[in-house]
Amino acid sequence: MEQKNGSSFTGFILLGFSDRPQLELVLFVVLLIFYLFTLLGNTTIIALSYLDPHLHTPMYFFLSNLSFLDLCYTTSTVPQLLVHLRTADKSISFGGCVVQLFVFLGLGCTECILLGVMAFDRYAAICKPLQYTVIMHPRLCALMASASWFFGFGNSLLQTVLIFLLPLCGRNKIDHFLCEVPVLLKLVCVDTTVNQSELFFASVIILLIPVALIIFSYGQIVRAVLRIKSSAGQRKAFGTCGSHITVVSLFYGTAIYAYLQPSNSYSQDQGKFVSLFYAIITPTVNPVIYTLRNKDVTGAMKKVLCRGQDSR
């Protein structure tokens, strides 16, 4: 970064919701409750997927990855936000801002890719049931999950470096509760047209390629399910995909709104609440969506609880 930022530049001020002091206490209580449920729900899915042999399948392997990702995703922002909501000090160090942007953006990009991988898994399970165990070999599952993390954080590293190479000219007040690309670009004191185009292009690739895979997978799934003659079989097939479609809609809907709309129509207040939604609400409801009508997970939970009672 150019030294125009000044030798005394040590960090940023995250304004967050300081312009609405009457809202801060309400937000603190609500976010704390959601954060605790996020920790509980996602940890439960990870533990059940590990403890129950019946859940040692590709679907639950990817679901465990998603739950771990959501735990990290929420923890990268919410604890700091909770502290800022109850104290007058809203600062974050320069290094802290760099790390937060890198981690938050990396986890978001990874989730985009992982949701596409999970759609392919459902396609293989429903459209190629006889070849499913051959197609979704444990090595391939591990490779696909690793590739999701690698490309997600690779894109994040590139974006983070490009952002912090730009001169801020001493500006350090961020009108947001976290270090995110759109708000950091507003601090830059040079023309950012090219940078915004690069950001838009990178966002399109990260968002739309997995979306294309999801659309293809579910297009094939719908065709396969409609060939099933029994209505019970159709309901079962659609039931295994309904949870994933709901999660995809929630995550991609907010991500596309945040990153693919024109910068001149970007409302800062709306941006804060959209970021709250995909940073805390989506990771909280994901475990509920996946377990609400999932007999495998509820059955595994009952077995683990009964085993714990029997051991006493």
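Refer to the structure presented above.
Residues numbered from 1 in each chain as written. Predicted model: local features only at pLDDT ≥ 70, side-chain atom pairs only at ≥ 80, totals over all residues. Heavy atoms only, no water.

What to know about the side chain of His176
By the secondary structure assignment, His176 is in the loop between strand 3 (173-174) and helix 7 (181-185). Look at His176 and you get buried, because its relative accessible area is 0%. Side-chain polar atoms of His176 contact the side chain of Glu180, separated by 3.4 Å. One polar contact links His176 to Ser275, side chain to side chain, over a distance of 3.3 Å. (Helix = DSSP H or I, 4+ residues; strand = E, 2+ residues; numbered from the N terminus. Buried < 20%, exposed > 50% of the residue type's maximum accessible area, 1.4 Å probe, protein only. Polar contact = N/O pair within 3.5 Å; in protein donor to acceptor, adjacent residues only side chain to side chain.)

Section: the packing of aromatic side chains
All chains considered together, the criterion is met by 14 aromatic pairs. Ring centres of Trp149 and Phe153 lie 6.1 Å apart, and the angle between their planes is 5°; this geometry places the pair in the stacked category. Note that Trp149 and Phe153 are positioned in helix 6 (residues 138-164) at a spacing of four residues, about one turn of the helix. Arg86 extends its terminal NZ or CZ atom over the ring of Phe28, reaching a point 5.8 Å from the ring centre. The lysine or arginine in question, Lys272, covers the ring of Phe17, its NZ or CZ lying 5.8 Å from the ring centre. (Phe/Tyr/Trp six-rings, centres within 6.5 Å; stacked < 30°, edge-to-face > 60°. Lys NZ or Arg CZ within 6 Å of the ring centre and 35° of its normal.)

Observations concerning the pairing of strand 1 (residues 11-14)
The pairing of strand 1 with strand 2 (residues 91-93) spans three bridges and is classified as antiparallel. Residue Gly11 lies in a different strand from strand 2, and its bridge partner there is Ser93. Bridge count between strand 1 and strand 3: two bridges; the pairing is parallel. Bridge assignment links Leu14 to a residue of strand 3, and that residue is Ile174. (Pairing = 2+ DSSP bridges.)

Considerations on the sheet that holds strand 1
One open sheet accounts for three strands, arranged 2-1-3; its pairing is mixed. Taken across any chain shown, the strands that pair with only one partner, and hence form the sheet edges, are strand 2 and strand 3. Strands in contact with helix 4 (residues 94-127) are strand 1, strand 2 and strand 3; relative to strand 2, the strand with the most contacts, it is inclined by about 85°. (Contact = heavy atoms within 4.5 Å. Axes fitted to C-alpha atoms, helices over the stretch in contact; angles between N-to-C directions.)

Thoughts on the pattern of salt bridges
This model, assessed by the stated rule, comprises four salt bridges. Its salt-bridge partner being Asp19, residue Arg20 comes within 3.7 Å of it at the nearest N-O pair. Residue Arg20 is classed as partly exposed on the basis of its relative accessible area, which comes to 25%. Among the residues examined, Asp19 registers a relative accessible area of 49% and is labelled partly exposed. Residues Asp121 and Arg122 are paired through a salt bridge, measuring 3.0 Å at the closest nitrogen-oxygen approach. Residue Asp121 is classed as buried on the basis of its relative accessible area of 2%. (Salt bridge = Lys/Arg side-chain N within 4 Å of Asp/Glu carboxyl O.)

Let's talk about the nonpolar core
Ranked by internal contacts, the top residues of the largest apolar core, which has 81 residues, are Phe62, Leu115, Ile174 and Leu184. Examining the composition of this core, we find that 15 residues originate from one element, helix 4, more than from any other. Leaving out residues up to four positions away in the same chain, Ile174 has contacts with Phe12, Ile13, Leu14, Leu15, Gly16, Cys97, Cys179, Val183, Leu184 and Leu187. (Core = buried A, V, L, I, M, F, W, Y, C linked by side-chain atoms within 4.5 Å.)

Some thoughts on the environment of Leu185
Residue position: Leu185 is located in helix 7. Its relative accessible area of 6% is what places Leu185 among the buried residues. In this structure Leu185 touches Ile163, Leu166, Thr192, Asn195, Gln196 and Leu199, once residues within four positions along its chain are discounted.

Concerning empty space enclosed by the protein
Under the definition given, this model contains four cavities of 30 Å³ or more. Here the largest cavity is characterised by a volume of approximately 220 Å³. Together, 17 residues line the largest cavity, and Leu105, Gly108, Cys109, Ile206 and Tyr259 are the ones closest to its centre. Elements with a minimum of two residues in the lining of the largest cavity: helix 4, helix 6, helix 8 (193-226) and helix 9 (231-259). Split by residue class, the lining of the largest cavity holds 13 nonpolar, four polar and no charged. (1 Å grid on protein atoms, 1.4 Å probe; cavity = no way out; pocket = protein on both sides within 12 Å on 5 of 7 lines; lining within 4 Å. Points joined across faces, edges and corners; volume = space filled by probe spheres on them. Nonpolar A, V, L, I, M, F, W, Y, C, P; charged D, E, K, R; others polar.)

Brief notes about the packing of helix 4 against helix 8
At a closest axis distance of 9 Å, the pairing of helix 4 and helix 8 adopts a crossing angle of 15°. Taken together, the axes of helix 4 and helix 8 are roughly parallel relative to one another. In terms of crossing hand, the pair formed by helix 4 and helix 8 is left-handed. Contact residues: helix 4 offers Cys109, Cys112, Ile113, Leu115, Gly116, Val117, Ala119, Phe120, Arg122, Tyr123, Ile126 and Cys127, while helix 8 offers Ile206, Leu207, Pro210, Leu213, Ile214, Ser217, Tyr218, Gln220, Ile221, Ala224 and Val225. Among the residues forming the contact of helix 4 with helix 8, the class breakdown is 19 nonpolar, three polar and one charged. (Parallel < 35°, antiparallel > 145°, perpendicular 65-115°, else oblique. Left-handed = near helix turned anticlockwise from the far one by under 90°.)

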